[in-house]
Amino acid sequence: MAASSRGSNSAAALFRRGQSSICASCRNAQFRPYSTGAEAAATAEAHHLKPTESEPHPPFTASRRSEYRIKSSFILTRAPLLTRSLAPFENAFFFYQKRLNERLVLPFRHTLFFKKDTAADLDWRIKFEERGRIAAKELGRYYAQGRNAWNDELLVGSTLSNEDRVREILLKDAENRVTEDGEEADPEEIVPVERPTDRITEADKTNDVRRLDRKLDRTLYLIVQGSDGKWQFPTEDVPTEEHLHETAARALESAAGVNMNTWMVGRVPVAHLVRQPEFNEDTSLKQRGEKVFFMKGRIMAGQADLKANKLGLQDFNWLTKEELMEKLPTDYFHSVRNMMADR
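Residues numbered from 1 in each chain as written. Predicted model: local features only at pLDDT ≥ 70, side-chain atom pairs only at ≥ 80, totals over all residues. Heavy atoms only, no water.

**Brief notes about the overall build of the protein**
Alright, step 1. Along its length, the protein carries 11 helices and 10 strands.
Alright, step 2. Taking all 343 residues of the protein together, the buried fraction comes to 30%.
Alright, step 3. Of all intrachain contacts in the protein linking residues separated by at least 6 positions in sequence, the fraction that spans at least 24 positions is 69%.
Alright, step 4. When the accessible surface of the protein is summed, it comes to about 23100 Å², and 52% of that surface belongs to carbon and sulfur atoms. (Helix = DSSP H or I, 4+ residues; strand = E, 2+ residues; numbered from the N terminus. Buried < 20%, exposed > 50% of the residue type's maximum accessible area, 1.4 Å probe, protein only. Contact = heavy atoms within 4.5 Å. Areas by Shrake-Rupley, 256 points an atom, 1.4 Å probe, with all protein chains shown as cover.)

Here you go:
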C-alpha cells in the first residue's frame, strides 16, 4: 500500500471516531492519584497567597491595592574623585612601557627647548648630570641608546616602579637648582616644591562616615537611620497625585535638607523591592506589604543636614558598597546591589 493511501485511511479513521475520542494524555490526567487540593495549597504557599486565593497572579483590584504601600526611595551617590591605586603589576607594566618608548624615539635634544647659557639651560644640565646623563627622570640608570638597551624589563621584586619612589623623584626634579643670579644654588637655598595632597584624608584616618571627603577613589551612598534604628535610603510614600521621581526628590529634601546641589539621573527606577503582606488566619490583613522603587541621583556640592528633618531621622552615613552590605538589611541590600558600581 502506498504511503499516500495509508495517510488517507488514518485521517478517515479519525473522523469516524467522532467528538467523544480524547488523547491518551488527557485520559490519564483524569485518574491522577494525588489530590488537587494539596496541589493548590502548595501553589498558594509558594506564591505567598491568601488562603482564599487559588491562582499565583490574581487580577489587580482595589481590594488588593490596599494590601501594599507604594514607596519611592532616593539613592544619592557621590562619584569617585580619584582614579584607583594601581596594582604592583600595573605599575611595572607602565614603567616598562616608558622604557620601551625611550628605546623607540629619537634621543632628546635639550637645545630645542632651552636657550644656551640661560638659567633654564643650567638647571637642566645640573639635573642631567645627577641622573647619570639620562634624559628620563624616573626610569633609573637605563640607557635607551646603549649596548644593554634591550634589557628594559623589571626584575621580580624591583621597587623602581613604586609610586612613592617615582613621586619623590619627580618632586626633587621639580626643584629649582639655579639662583636668580644664574648660578648653581647651594643646598640650603633650594626651595622644596609643594607636595600633592595625600590620597588618604583625615576622614579616612578617623573613619568619619559622615564626611564626603573619604574613600576618594570609591562611590559613596547616602543612607539614613530612622527612629526604629533601621538604616535605609531616604524614602517616602507615593501619594496619588505624584510621580515616583517627584516623591523621591521630596523624600531627599525632607530627610537631608536643602543644602545640597543634587541631580537625578533619570525618571525610571533603577531597582525595586517587594515585601509581601501578612494575613491573619481569618484572611484579614495583618500587616501591609511594601513596593519600594529606587531612583538614582548624584550630589554635586553641599552636605546632608538632619537638624530640621520631618521624618524623625537620627543619623546619616556616606558608605561604600561593602559598608552598605553590613548596615542594610539583607533583602534590602540585595534588591539594589546590582545597580551599584564595583568602585
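**Some details on the side chain of T77**
Alright, step 1. Relative to the assigned elements, T77 resides in strand β1 (residues 68-78).
Alright, step 2. A distance of 2.9 Å separates a polar side-chain atom of T77 from the backbone oxygen of G297.
Alright, step 3. Among the polar contacts listed, one links the side chain of T77 to the side chain of R298, at a separation of 3.1 Å.
Alright, step 4. Filtering out sequence-adjacent residues up to four positions away, T77 remains in contact with T219, L220, Y221, K296, G297, R298 and I299. (Polar contact = N/O pair within 3.5 Å; in protein donor to acceptor, adjacent residues only side chain to side chain.)

**Let's talk about a nonpolar patch on the surface**
Alright, step 1. There is a patch of nonpolar side chains on the surface, built from L86, F89, F93 and F94 and spanning about 420 Å² of accessible area.
Alright, step 2. Structurally, F94 can be placed in helix α5 (residues 88-104).
Alright, step 3. Residue class for F94 comes out partly exposed when judged on its relative accessible area of 41%. (Patch = residues over 30% accessible without salt bridge, like charges linked within 9 Å, V, L, I, M, F, W, Y side chains within 5 Å. Salt bridge = Lys/Arg side-chain N within 4 Å of Asp/Glu carboxyl O.)

**A short note on a negative patch on the surface**
Alright, step 1. Where like charges cluster on the molecular surface, the negative patch consists of E184, D186, E188 and E189.
Alright, step 2. Relative accessible area serves as the criterion here: at 44%, E189 is assigned to the partly exposed category. (Lys, Arg positive; Asp, Glu negative; His and termini not counted. Charge placed at Lys NZ, Arg CZ, Asp CG, Glu CD.)

**Overview of the environment of D208**
Alright, step 1. In this fold, D208 is placed in the loop between α8 (202-206) and β2 (220-225).
Alright, step 2. By relative accessible area, which is 24% here, D208 ends up partly exposed.
Alright, step 3. The spatial distance from the C-alpha of D208 to the C-alpha of N317 is 8.9 Å, given a sequence separation of 109 residues.
Alright, step 4. Beyond its immediate chain neighbours, meaning those up to four positions away, D208 contacts A203 and R214.

**Concerning unusual backbone geometry**
Alright, step 1. The phi torsion at N207 lies on the positive side, around 55°, for a residue other than glycine.
Alright, step 2. Locating N207 in the fold gives a position in the loop between α8 and β2.

**Some details on the pattern of salt bridges**
Alright, step 1. Within this structure, the stated rule accounts for 22 salt bridges.
Alright, step 2. For D164, the salt bridge is made with R167, and the minimal N-O distance between the two is 2.8 Å. Placement of both D164 and R167 in helix α7 (residues 163-173) is noted, with a separation of three residues, approximately one turn of the helix.
Alright, step 3. R167 gets classed as partly exposed once you look at its relative accessible area, which sits at 30%.
Alright, step 4. In this structure, the salt-bridge partner of D217 is R199, at a minimum N-O distance of 3.9 Å. Within this pair, whereas D217 is found in the loop between α8 and β2, its partner R199 is found in the loop between α7 and α8, the two being separated by 18 residues in sequence.

**Focus on the environment of F333**
Alright, step 1. Tracing the sequence through the fold places F333 in helix α11 (residues 330-336).
Alright, step 2. The exposure class assigned to F333 is buried, which follows from its relative accessible area of 5%.
Alright, step 3. In this structure the C-alpha to C-alpha distance between F333 and L273, which are 60 residues apart in sequence, comes to 9.6 Å.
Alright, step 4. Residue contacts for F333: discarding those within four places in its chain leaves K321, L324, M325, L328 and M340.

Spatial relationships are all this shows, so hold off on functional conclusions.
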